[in-house]
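# Summary of the model geometry
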Amino acid sequence: MSLQIGLRHLNSPASTLLRDLDLQIPAGTVHTLMGPSGCGKSSVLSLVCGTLDPSMQWEGSVTLDGRRIDSLPVQARRVGLLFQDDLLFAHMTVRENLLFAVPAGAQPAREQAVKAALADVEMQDHLHANPARLSGGQRARVALARALLAQPRALLLDEPFSKLDAALRARMRTLVFSLVAERNIPALLVTHDAADVADPAHLSRLGDTHSV
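Rules and cut-offs
- Residues numbered from 1 in each chain as written.
- Predicted model: local features only at pLDDT ≥ 70, side-chain atom pairs only at ≥ 80, totals over all residues.
- Heavy atoms only, no water.
- Axes fitted to C-alpha atoms, helices over the stretch in contact; angles between N-to-C directions.
- Helix = DSSP H or I, 4+ residues; strand = E, 2+ residues; numbered from the N terminus.
- Parallel < 35°, antiparallel > 145°, perpendicular 65-115°, else oblique.
- Left-handed = near helix turned anticlockwise from the far one by under 90°.
- Contact = heavy atoms within 4.5 Å.
- Nonpolar A, V, L, I, M, F, W, Y, C, P; charged D, E, K, R; others polar.
- Core = buried A, V, L, I, M, F, W, Y, C linked by side-chain atoms within 4.5 Å.
- Buried < 20%, exposed > 50% of the residue type's maximum accessible area, 1.4 Å probe, protein only.

## With respect to the packing of helix α5 (residues 136-149) against helix α6 (residues 166-183)
Running from N to C, α5 and α6 cross one another at 15 degrees; their axes reach a closest spacing of 11 Å. Relative to α6, the element α5 is oriented roughly parallel. Taken as a pair, α5 and α6 cross one another with a handedness that is right-handed. Residues Gly-137, Ala-140, Arg-141, Leu-144 and Leu-148 of α5 pack against Leu-168, Arg-171, Met-172, Leu-175, Val-176, Leu-179 and Arg-183 of α6. Here the contact of α5 with α6 is composed, by residue class, of 8 nonpolar, 1 polar and 3 charged.

Here it is as structure tokens:
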């Protein structure tokens with residue numbers, strides 16, 4: 001399974017943000033996009049997941065596992081998202097937040113999937129916790145579990161570590177990268193921090209060669 005993004009151009013109403021961007025992201029790999037604010041990094045993520053603002057114009061293609069997905073509705077693309085804000089529902093417990101993401105099926109299997117996901121992120125003791133009572137790092141781990149429970153075929157990471165302190169940031173970075181490799185899915189990370197780069201061989205600096 002691989003994610004391929006080919007952009008001939010990406011335009012805002014005011015200017016051209018990107019030209020001639022070609023990304024080939026193999027399964028189990030985290031590819032990083034870096035560049036100054038406003039260069040189009042987050043717009044690439046929006047394009048892949050299907051939430052690009054209608055005012056933006058682009059030409060190219062997005063292919064996942066050999067199938068073009070750029071014309072599919074958001075829910076049909078099976079692309080997971082992890083943001084710098086955890087976006088957990090405050091009125092739901094951790095269990096309820098995670099069940100919200102689990103695909104339809106037999107309830108016992110869905111409950112077991114939630115428990116397994118929490119174990120993957122070392123949060124199995126917080127099944128019935130109120131998210132408001134969790135630390136920032138704990139909430140980030142729950143958000144990661146929720147993103148993966150939807151069984152995405154690719155994962156998009158929009159500065160997911162930026163609000164964590166240095167120690168938590170390092171732990172979350174290691175956890176995310178290891179789960180991407182374990183699930184064998186392609187991932188695309190947007191960041192301003194060079195320490196977040198999983199592999200320099202999979203790094204694109206948009207402000208250097210792909211923007212005008």
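Still more to cover.
## Quick look at the nonpolar core
If you look at the biggest cluster of nonpolar residues, it comprises 37 residues, and the most contacted ones within it are Leu-98, Val-114, Leu-144, Leu-155, Met-172 and Val-176. Broken down by element, this core gets its largest block of residues, 8 residues, from α5. In contact with Leu-155, other than residues within four places in its own chain, are Gly-80, Leu-81, Ala-147, Leu-148, Val-180, Ile-185, Pro-186, Ala-187 and Leu-188. Among the nonpolar cores identified, the runner-up in size contains 28 residues, and Ile-25, Leu-33, Cys-39 and Cys-49 belong to it.

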